Amino acid sequence: MGSQLALKSRIHSTESLEKIFNAQEMIASSHIAKARDVALNAKPYTDAIFDAVQALVAHTHITHPIAVKDEDNPRVAVLALTSDRGMAGPYTSSIIRETESLLARLEADGKQPELFVYGRRGSTYYKYRNRDVAATWEGDTDQPGVEIAETISNTLMDAYMKPAEKGGVSELYIVFTEFINMVVQKVRVLRMLPVEIVGNEAKVPDPEDEKASEDIPPLYAFEPSLDEVLDAILPKYIQSRIHECLLTAAASETASRQNAMHTATDNARNLVDDLTRKLNASRQASITQELTEIIGSADALNTKEE
Amino acid sequence: MAESEKTTMKVNIVAADHPVWHGEASSVTIPASEGGMGILPDHEPVLTVIKQGTLTVVEPDGNRHMFEVTDGFISFDSNKLTVAVERGRDVQYSSTED
């Protein structure tokens, strides 16, 4: 039996850890509501841009470099979205694992991946391993604003628009965590550039469906000119897509942190229960021992007197 | 005044991080990249880049609503105007009673 004092101090420290975990869990759940609001607030803008891009695609064959890049350049960019803080369970480690396998896959295809990292956990991971990272961003991973999305998309767009001989890249992949629901978050790899603009499925010619022709968006006038509109809207489209990724990654991070902290709280409680049981047993054992000693010595005294 | 039925259009102004305003309007003036541009209901479908400036919405009851917007774009189709800007804010609201 361990000493009662040691058990007591372990129980005490586990209890205070439990309090911390519980507080973290509650903080995370309050952040989720906030993250949801931010995502909802950004949605109308994303939708507006998406509609505009759809309208552009509908009646122009886009040859803008953002949509089509035909130069033969092996260099590609990979952006990994990790978190700033730990205590989020497997959140950052699964992103890093997926990033590593993507890098290996790209290298096997004869490409030269360049790594961009968002989030302190990811950047320290690569710094510690002395890996070349093209750029890192830190801060605000749990509440990414428009500014950070703008900075990231500007950097990546610069890299993308640069010609190959000046160190430009020909593709951009994003590794992020998709928020499916509170308990399920999935790591996904998205090829962001060149843009694969998915036209409506209804666009597939279907002679029997006459309604399809009515659904074709009206013929737009573009001012000042189609090219200028494309130049203005496509970078915004990229920026809003990146912002969307950041927001869903933030929601996943918070949910993952809440889950991790919930498990930690439960574990701490179980541990406290176990330790308390041990403490009781050890106290009982010492009482029994004391009693045996008293009874034993009383017996000895009695036998002497007789 | 001549028309008994005033025509209006739906207007939706969104900034990158939050919706700014939406409602009905009888006319809207936007700071298009090549100078101011007025949009009335039933305008032809148009997609235009806008620059920094002031966007004015005239509501059906004659109230003017001004918004300060940075660069973005507007799209108009089926009598619905969507204004998407990086940043936008409400600056002034003046009713006809003033």
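Computed from a predicted model, the values in this text were never measured in an experiment. (Residues numbered from 1 in each chain as written. Chains lettered and ligands numbered in written order. Predicted model: local features only at pLDDT ≥ 70, side-chain atom pairs only at ≥ 80, totals over all residues.)

## Focus on the UniProt feature "domain: ATP synthase F1 complex delta/epsilon subunit N-terminal" (unreviewed entry) in chain B
Phase 1 of the analysis: Per the UniProt annotation, the sites labelled "domain: ATP synthase F1 complex delta/epsilon subunit N-terminal" (unreviewed entry) are residues 9-87 of chain B.
Phase 2 of the analysis: Secondary structure content for residues 9-87 of chain B is 0% helix and 68% strand, and the end C-alpha separation is 23 Å. (UniProt positions renumbered as here; feature names shortened; annotations may be inferred. Helix = DSSP H or I, 4+ residues; strand = E, 2+ residues; numbered from the N terminus.)

## Remarks on the sheet that holds strand E1 (residues 75-81) of chain A
Residues and elements named next belong to chain A.
Phase 1 of the analysis: Read across the open sheet, the five strands follow the order E3-E2-E1-E4-E5; overall the sheet is mixed. Every interior strand has two partners, whereas the edge strands, strand E3 (135-137) and strand E5 (185-193), have only one. Between one strand and the next, the sheet's axes are offset by a mean angle of 20 degrees, whatever the strand orientation.
Phase 2 of the analysis: Judged from the five bridges that link them, E1 and strand E4 (residues 171-179) form a sheet pairing that is parallel. Pairing of Ala77 across the sheet is with Leu172, part of E4. (Pairing = 2+ DSSP bridges. Axes fitted to C-alpha atoms, helices over the stretch in contact; angles between N-to-C directions.)

## Structural notes on helix H2 (residues 91-108) of chain A
One turn of an α-helix holds 3.6 residues; hence residues three or four places apart share an orientation.
All names here are of chain A.
Phase 1 of the analysis: The terminal C-alpha atoms of H2 lie 26 Å apart, and with 18 residues this matches the ideal 26 Å at 1.5 Å per residue to within 8%.
Phase 2 of the analysis: Taken together, the buried positions of H2 are occupied by Tyr91, Thr92, Ile95, Thr99 and Leu103. End-on view of H2: buried residues confined to an arc of 90 degrees, all on one side of the axis. Turned more than 90 degrees from where H2 packs its buried face, Glu100, Ser101, Ala104 and Ala108 sit exposed.
Phase 3 of the analysis: Immediately downstream of H2, the backbone of Gly110 shows phi near 80 degrees, a positive value. (Expected span 1.5 Å × (residues − 1). Buried ≥ 20, exposed ≤ 12 C-beta atoms within 10 Å, placed from the backbone. Arc of directions from axis to C-beta.)

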